[in-house]
Amino acid sequence: MMQREWMRIVKHTEVARDTYQLILNGDVAQHVREPGQFVHVQVSQEYFLRRPVSIADVNQDESTITLLYKVMGKGTNALTGKKAGDFIDVLGPGGKGFPLHDLNTQQALLIGGGIGVPPLHYLGKKLKEKGVQVTSVLGFQTKEDAFYVEKFKELGKVFVTTNDGSLGTKGFVTNVLPDLKDRIDTFFSCGPTVMLRAVKEEMCDVPGYISIEERMGCGIGACFACVVESNDDQGYRKICCDGPVFRPDEVILP
Amino acid sequence: MMQREWMRIVKHTEVARDTYQLILNGDVAQHVREPGQFVHVQVSQEYFLRRPVSIADVNQDESTITLLYKVMGKGTNALTGKKAGDFIDVLGPGGKGFPLHDLNTQQALLIGGGIGVPPLHYLGKKLKEKGVQVTSVLGFQTKEDAFYVEKFKELGKVFVTTNDGSLGTKGFVTNVLPDLKDRIDTFFSCGPTVMLRAVKEEMCDVPGYISIEERMGCGIGACFACVVESNDDQGYRKICCDGPVFRPDEVILP
Amino acid sequence: MNTRVELPGLNLKNPVMPASGCFGFGREFAQFYDLSHLGAVIMKAATGGKRFGNVTPRVAETSSGMLNAIGLQNPGVEGIIAKEIPFLETYPTPIIANVAGSTVEEYVSVAEKLSETSVSAFELNISCPNVKEGGVQFGTDPFLAENVVREVKDVSDVPVYVKLSPNVADIVSMAEACAKAGADGLSMINTLTGMRIDPKTRRPIIANKTGGLSGPAIKPVAIRMIYQVYEAVDLPIIGMGGIETVDDIIEYLLAGASAVAIGSANFKNPLVCKELIDQLPEGLKKYGFESVNDAIGGAHDETYSSSISRS
Amino acid sequence: MNTRVELPGLNLKNPVMPASGCFGFGREFAQFYDLSHLGAVIMKAATGGKRFGNVTPRVAETSSGMLNAIGLQNPGVEGIIAKEIPFLETYPTPIIANVAGSTVEEYVSVAEKLSETSVSAFELNISCPNVKEGGVQFGTDPFLAENVVREVKDVSDVPVYVKLSPNVADIVSMAEACAKAGADGLSMINTLTGMRIDPKTRRPIIANKTGGLSGPAIKPVAIRMIYQVYEAVDLPIIGMGGIETVDDIIEYLLAGASAVAIGSANFKNPLVCKELIDQLPEGLKKYGFESVNDAIGGAHDETYSSSISRS
Ligand SMILES: Cc1cc2nc3c(=O)[nH]c(=O)nc-3n(C[C@H](O)[C@H](O)[C@H](O)COP(=O)(O)OP(=O)(O)OC[C@H]3O[C@@H](n4cnc5c(N)ncnc54)[C@H](O)[C@@H]3O)c2cc1C
Ligand SMILES: Cc1cc2nc3c(=O)[nH]c(=O)nc-3n(C[C@H](O)[C@H](O)[C@H](O)COP(=O)(O)OP(=O)(O)OC[C@H]3O[C@@H](n4cnc5c(N)ncnc54)[C@H](O)[C@@H]3O)c2cc1C
Ligand SMILES: Cc1cc2nc3c(=O)[nH]c(=O)nc-3n(C[C@H](O)[C@H](O)[C@H](O)COP(=O)(O)O)c2cc1C
Ligand SMILES: Cc1cc2nc3c(=O)[nH]c(=O)nc-3n(C[C@H](O)[C@H](O)[C@H](O)COP(=O)(O)O)c2cc1C
Ligand code: FES
Ligand code: FES
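Being a predicted model, the structure only gives us computed values, none of them experimental.

1. Describing the site of ligand 1
Lining the immediate environment of ligand 1, one finds 22 residues, of which Pro52, Gly73, Gly75, Thr76 and Ile115 of chain A sit closest. Neighbouring residues of ligand 1 are distributed over chains A and D. Ser54 of chain A is positioned with one of its side-chain polar atoms (N or O) 2.9 Å from a nitrogen atom of ligand 1. For ligand 1, an oxygen atom lies 2.7 Å from a polar atom in the backbone of Gly75 of chain A. Within the complex, 91% of the 820 Å² of free accessible area of ligand 1 lies under protein. Secondary structure elements with two or more residues in the shell around ligand 1: strand S4 (51-54), strand S6 (64-70) and helix H1 (74-79) of chain A. Sort the elements by how many residues they give to the shell around ligand 1 and S4 of chain A lands first, with four residues.

Written out as structure tokens, the structure reads:
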């Protein structure tokens, strides 16, 4: 069930260059159904639209969710000014995530790029809980941009790529996929569209899921701002409510 | 000299119903020339226009100014949320105040109504410093709205009126003026236009000064938002730079 | 406090409804509150056939507002009749159908089909800036507007509220043309056409390049237009543009609106319509109004002089 | 970083100037910074005779903007020539005179008198919404606009930038009419007509009832209009409407403006023009521009594809 709630900031820390971890306390944490869902965050009255941010972790006992966000523009920049103890207007949890309950996977590969990494963290945790073997490929621009690598190591084997080679393999996540794809049965990917396109091509013969982004209005399925073309009769999906997680062949990446 | 400065809030307290005292520290305090000047306050980026607020006191040693404001709308309401330690964007000091240096007065009468009272406080202090005998008439709606009565008592005799008689004389400031006007040589008045009109009429045979209000744009004399008709060739005065203090016969009250 | 308003075809228990395109067909909002609270519901635009709308991105943020270029995506009038109206009919709330098209024939055919349903009124969308084929011209040319309204009136007895575009030099002559053609009311305003360019990509943010500006940014334009039309044309007005608070609603009523619609504010707060409906009686009382009707057109009443003074 | 821009009559060391009516005649701002920093100065409107303007209140706040109805208060063209231009001439900054009037004759006569001075260009204000007699019509009717521009061009060799009103359905035909009449450039946009009503007094806040909306609220409308006109008309554009940051300036340049004017932001921060001029080179560099000229019209360059990608 989605709700609008003023959540309390428990902790707010910088975890990499321009990248912040935000732990929020509130009832929303009790309603997260699956990894890959997001919350729609109102930064302040100065910013008209909410910002969609993936849920990177959930602690149901403490009733907290963890967000990881990168400063991309005005809104995320203003968000950095919020302090522990402040309250923040959150709508969520929204969308359909990775269908954890229907999955029949033993060997999962998580493929995250940049700020697409966060939802895969909560997914990886949940997979590991189910006894699934988790391998992660995390791509960043440079070493300075990398975050949560240690946390993914707690889940399984981790391969890091950076564009400039300052950490891990030099290049893109797709550089390391050929060696891995035969060893896994399902992949889960989130990142910029260019990366998702490349991943989709590379992994075309492996079952998987991708999580995609689009600018949103309502974030709840009412405004048709966030559609992506689909391969079927209906012709489209709404990312905010039918997604953001889809089968790669379900949608046509823009 | 006017300047734009982020002034630090030293103290922020409620002094009467919906009425707040705000003490600000900064260089602006060093540039106040005379009582009756005002500062043009940017409440926050959410409010497009600045708010003009009179300077109610100056402490040059501590480099502070005191403002007294009443919550009238959105901006002043938002202002109440600022806390000691916060910084606030101030433009000032602006305008021409009471011409303290050219005055030849022995017996001054201050006539303030509601939130027109503040500039008279600093004026009264300055007059007293010059050895002038100060009498004050302060009009409020009710007892709950009254503020700074004790401070005016430090300056001389004080008459309070309230619309409902809950403090002092019941009625308007003009009710007590007939008894006082023969005992003073100059009056100084600030308050709502209706009051100023009545005061002007009542005190027509006594020299004096009035301070008037108008909605402002720039607050520095450039936009012609704040004009008041004048009785001379020029035809108008700009309240923000030619005023807000005028001789009663210099301007035509709207 | 009496918040009832009677308008052609619309018996409203309160004057607040969600604006077209900002509420889908109500389903998503029904998870947040009971739609029975609403004065009415204005559905997302209906066109003759299914439309897939524009390429994304379709929205962009602006100061105190947003741009959108959805492009009238909707399942088509038949789909709406089959799936959406039945859902909304489960509530006792009047349904207003937003009717759109690229040609007069399309408007007429959509209206004809919807006339067979339980909708209480049409909002004739002659002002959508995001449809290339003709939508804009209908909304900026009084002759075209008059014609399309007349044709729709000819085929249907459902009351017609014409939704005017603010992208005109003379809103009064647009309103007059609609009145002449027999419109039962007006709906004002649709979005102002705008654009944002991203300095990083050096391109318009919205794929369609231009989009419609909504939100508090446009409220002063809407209030001005409603004020002008109220003085010139004797038709009830549903006012909209940037409403976020009860004070905003009262400003619209005073300007001359008989009811109001709330659009993009639903994105900030999905509960906004219900919350404002709950707050309205208190808000009206604060300013001395005895009913919603008491406030309508109040800014034109030169005899009224406020008893509330400062200080 | 080269910030120079060459326009008809205007050799600008940078493309930033204060907008007409928001800077008086410069005196008040000269206490905050040296006006030599400015690309140019656009003076407050000049009319034939002294004008006292409208009754107060003349301004009201709106979401991300403000309304004004000053009513062209100014000392008249002779007063401006006698007292204001001599002051501005003490700076090496080009002066642009904003020319207004109620009749074609008044525009012509003001322009003739100003031609005898050192002003570098005219900004022909055919768009002031606050003058009743005719200002609005000039700005919303292409024929009237064409006529007044032609008449002014006939009596003066000073380059003419026509200031367009956004209160029109078709900005391109207004621009085309000006081009046809021999205008040297365009200045876009003036204010959108708006209104605010105070629920306490139940009256429009501005005594004139309607006022001109300025500020960030109108920026998307300005950007859209400049983008459209840039594609249709071969005249340089001075862009304005809601500029507060260097990113805003770059957005205007990309849309097609060759220079920009900053209006109501001067009220928030009297130093804004100077601060943005100081920040401009850095801001341009950040987005990979090599000069101001490099950015002008950039959003129309379909061959450019951003090299800056997300993550
Ligand atoms: C389902 C989903 C999950 C996401 N999860 C995360 C996450 O976990 N961490 C993270 O850092 N980012 C995430 N993003 C991207 C994030 O929403 C944008 O980076 C952010 O909205 C940019 O806002 P801004 O104020 O910095 O930029 P501005 O440019 O000021 O934003 C202006 C408007 O554009 C929208 N916008 C701009 N870029 C994007 C984008 N890439 N996607 C969607 N809307 C955008 C903003 O939401 C806002 O409405 C996610 C996006 C989606 C759709
Ligand atoms: C020279 C001068 C000195 C003043 N000194 C004081 C003072 O010491 N203490 C105090 O409480 N008030 C003072 N005022 C009045 C004060 O400026 C207004 O009460 C305040 O601006 C209202 O702002 P708001 O955000 O509450 O109202 P809103 O209605 O939200 O304001 C909207 C806009 O209207 C303007 N406005 C509204 N009312 C007034 C008004 N009465 N005068 C001028 N502008 C107005 C605001 O500045 C703002 O631009 C003074 C006004 C002037 C002109
Ligand atoms: C995302 C979005 C979609 C819209 N779709 C429609 C539509 O289909 N038909 C219509 O008449 N108006 C549509 N509008 C306009 C709104 O109904 C309303 O007139 C406008 O947004 C102003 O109100 P607001 O400022 O409260 O949003 C849409 C507006 C938005 C923001
Ligand atoms: C108080 C005020 C007075 C103005 N006076 C004039 C004027 O005399 N002549 C003119 O052409 N434009 C005038 N304008 C319009 C501005 O020059 C500018 O076009 C408009 O405000 C948009 O820019 P902004 O959003 O940066 O303010 C005035 C604007 C304001 C706010
Ligand atoms: S953001 Fe509104 S439908 Fe997805
Ligand atoms: S407020 Fe601009 S001249 Fe006074």
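2. A few points about the sheet that holds strand S14 (residues 227-230) of chain A
One open sheet holds the three strands; their spatial order is S15-S14-S17 (chain A), and the pairing between them is antiparallel. With one partner strand each, in any of the chains shown, strand S15 (236-238) and strand S17 (251-252) of chain A form the two edges of the open sheet.

3. A word on the interface of chain B and chain D
Listed as interface residues are 29 residues of chain B and, on the opposing side, 33 residues of chain D. Summing the contributions of chain B and of chain D, the shared interface buries around 2600 Å²; its carbon and sulfur component is 60%. In terms of surface lost to chain D, no three residues of chain B exceed Phe48, Arg215 and Phe224 of chain B, which account for 29% of the buried area on that side. At the junction of chain B and chain D, the tally comes to two salt bridges. A salt bridge links Arg51 of chain B to Glu61 of chain D, with the nearest nitrogen and oxygen atoms 2.6 Å apart. The interface formed by chain B and chain D holds 12 residue pairs in polar contact (both at pLDDT 80 or more) in total.

4. Considerations on the relation of the copies chain D and chain C
Overlaying chain D with chain C gives an RMSD of 0.0 Å, the required rotation being 180° about an axis along which the chain moves by 0.0 Å. When the rotation and shift are considered jointly, the pair of chain copies conforms to a two-fold rotation axis. Interface overlap between copies is the fraction of interface residues in one copy that are interface residues in the other; for chain D against chain C it reaches 100%, indicating a shared surface.

5. So, the UniProt feature "binding site: [2Fe-2S] cluster" (unreviewed entry) in chain A
Mapped onto the present numbering, the UniProt feature "binding site: [2Fe-2S] cluster" (unreviewed entry) falls on Cys218, Cys223, Cys226 and Cys240 of chain A. A maximum C-alpha distance of 10.1 Å among these annotated residues, which run over 23 residues, shows that they cluster at one spot. Counting through the fold element by element, Cys218 of chain A comes out in the loop between strand S13 (208-211) and S14. Not counting chain neighbours up to four residues away, the residues in contact with Cys218 of chain A comprise His40, Leu91 and Cys223 of chain A together with Phe267 of chain C. Its place among the elements puts Cys226 of chain A in the loop between S13 and S14. When sequence neighbours within four positions are dropped, the list of residues in contact with Cys226 of chain A reads Glu214, Arg215, Met216, Arg237, Lys238, Ile239 and Cys240 of chain A.

6. Description of the pairing of strand S8 (residues 121-125) of chain D
Each regular strand shows side chains that alternate between the opposite faces of the sheet. Residue and element names in this part refer to chain D. Within S8, five of the five residues are buried, leaving the element largely enclosed by the surrounding structure. Neither face of S8 is exposed, since Ala121, Glu123 and Asn125 on one face and Phe122 and Leu124 on the opposite face are all buried. Crossover strand S7 (residues 95-99) to S8 through helix H3 (residues 104-115) is right-handed. With four bridges connecting them, S8 and strand S9 (residues 160-163) associate as parallel partners. Residue pairing in the sheet places Leu124 in a bridge with Val162 of S9.

7. Concerning the interface of chain D and chain C
With 48 residues of chain D at the interface, the matching set in chain C holds 48 residues. Of the roughly 4100 Å² buried at the junction of chain D and chain C (both faces included), carbon and sulfur atoms supply 61%. A salt bridge links Arg196 of chain D to Glu251 of chain C; the nearest nitrogen and oxygen atoms lie 3.8 Å apart. The set of elements that each furnish at least two residues to the side of chain D that touches chain C consists of strand S11 (192-194), strand S12 (197-198), strand S13 (203-204), helix H7 (219-232) and helix H8 (246-255) of chain D. In terms of residue class, the side of chain D that touches chain C is made up of 23 nonpolar, 14 polar and 11 charged.

8. A word on the sheet that holds strand S4 (residues 41-42) of chain C
Residue and element names in this part refer to chain C. Across the sheet, eight strands lie side by side as S3-S16-S15-S10-S9-S8-S7-S4; this open sheet has parallel pairing. With partners counted over all chains shown, the strands left at the sheet margins are strand S3 (16-18) and S4, one partner each. Judged from the three bridges that link them, S3 and strand S16 (residues 259-262) form a sheet pairing that is parallel. Within the sheet, the bridge partner assigned to Pro18 lies in S16 and is Ile262. Helix H10 (residues 272-286) rests against S3 and S16 of the sheet, and its axis sits at about 175° to S3.

9. Digging into the site of ligand 2
All names here are of chain B. Close contacts around ligand 2 come from 22 residues, with Pro52, Gly73, Gly75, Thr76 and Ile115 the closest. A distance of 3.2 Å separates an oxygen atom of ligand 2 from a polar backbone atom of Lys74. Bound to the protein, ligand 2 loses 91% of the 820 Å² it would expose on its own. Of the residues forming the shell around ligand 2, the biggest block, four residues, is contributed by strand S4 (residues 51-54). Across the shell around ligand 2, the residue classes break down as 10 nonpolar, four polar and eight charged. Of the domains in this structure, domain 1 (3-94) and domain 3 (214-254) are the two that each give at least three residues to the shell around ligand 2.

10. As for the packing of H8 of chain D against helix H10 (residues 272-286) of chain D
Residue and element names in this part refer to chain D. H10 packs onto H8 with a crossing angle of 65° between their chain directions and a minimal axis gap of 9 Å. Classified by chirality, the crossing of H10 by H8 is right-handed. Facing Val246, Asp247, Ile249, Ile250 and Leu253 of H8, the residues of H10 in contact are Leu276, Gln279, Leu280, Gly283, Leu284 and Lys286. The residue makeup of the contact of H8 with H10, split by class, is seven nonpolar, two polar and two charged.

11. Observations regarding the domain arrangement of chain A
All names here are of chain A. According to the domain assignment, chain A contains domain 1 (3-94), domain 2 (100-204) and domain 3 (214-254). Spacing between the C-alpha centres of domain 1 and domain 2 amounts to 23 Å. Domain 1 puts 19 residues into the contact, and the matching count from domain 2 is 16 residues. In total, about 1500 Å² of surface goes out of reach between domain 1 and domain 2, with carbon and sulfur atoms giving 59% of it.

12. Some words on the pattern of salt bridges
Evaluation of the coordinates by the stated rule reveals 48 salt bridges over all chains. Two residues, Glu106 of chain C and Arg51 of chain C, come together in a salt bridge whose shortest N-O distance is 3.4 Å. In this pair, Glu106 of chain C is assigned in helix H3 (residues 104-115) and Arg51 of chain C in the loop between S4 and strand S5 (59-62), connecting sequence segments 55 residues apart. Each member of the pair, Glu106 of chain C together with Arg51 of chain C, is buried. For Lys268 of chain C, the salt bridge identified is with Glu244 of chain C, shortest N-O distance 2.9 Å. With a gap of 24 residues between them, Lys268 of chain C in helix H9 (residues 265-268) and Glu244 of chain C in the loop between strand S15 (237-240) and helix H8 (246-255) connect regions that are remote in the sequence. Owing to a relative accessible area of 9%, Lys268 of chain C belongs among the buried residues under this scheme. Here Glu244 of chain C falls in the partly exposed class, since its relative accessible area comes to 22%. Through salt bridges with shared partners, one network takes in Arg196 of chain C together with Lys219, Asp248 and Glu251 of chain D.

Rules used throughout
- Per chain, residue numbering runs from 1 following the sequence as it is written.
- Chain letters and ligand numbers both follow the written order, the letters beginning at A and the numbers at 1.
- With the structure being a predicted model, the display of local features is reserved for residues of pLDDT at least 70 and the display and counting of side-chain atom pairs for 80 or more, all residues being used for whole-chain, interface and lining totals.
- Just so you know, side-chain values use all the structure's heavy atoms and leave hydrogens and water out.
- It suffices for a single heavy atom of a residue to lie within 4 Å of a molecule or strand for the residue to be listed as near it.
- Polar contacts, as counted here, are pairs of nitrogen or oxygen atoms within 3.5 Å of one another; within protein the pair requires one atom able to donate a hydrogen and one able to accept it, and residues that are adjacent in sequence qualify only if both atoms are side-chain atoms.
- Here the open area of atoms and residues is found with the Shrake-Rupley method and a 1.4 Å probe, where only the protein chains shown may cover a residue.
- Strands are runs of DSSP state E lasting at least two residues, helices are runs of H or I lasting at least four, and both sets are numbered from the N terminus onward.
- Any two strands are treated as partners once DSSP identifies two or more bridges connecting them.
- By definition, residues are in contact when any of their heavy atoms lie within 4.5 Å.
- Buried area adds together the accessible area that both of two parts lose upon being put together, with accessible area traced by a 1.4 Å probe.
- Salt bridge, as used here, is a side-chain nitrogen of Lys or Arg placed within 4 Å of a carboxyl oxygen of Asp or Glu.
- The superposition of copies rests on a least-squares fit of C-alpha positions from residues with pLDDT of 70 or more in both.
- UniProt positions are given in the numbering used here, feature names are shortened, and annotations may be inferred rather than shown by experiment.
- Burial classes: relative accessible area under 20% of the type maximum marks a residue as buried, over 50% as exposed, and values in between as partly exposed (1.4 Å probe, protein chains only).
- Handedness of a crossover is defined as follows: with both strands directed away from the viewer, a clockwise route from the first strand across the helix to the second makes it right-handed.
- Put simply, Ala, Val, Leu, Ile, Met, Phe, Trp, Tyr, Cys and Pro go in the nonpolar bin, Asp, Glu, Lys and Arg in the charged bin, and everything else, Gly too, in the polar bin.
- Fitting a line to C-alpha atoms yields each axis, with helices limited to the stretch in contact; the angle taken between N-to-C directions then spans 0 to 180 degrees.
- An automatic or database domain assignment provides the domain bounds reported here.
- Two helices cross in a left-handed way if the nearer one is turned anticlockwise from the farther one by less than a right angle. They cross in a right-handed way if the turn is clockwise.

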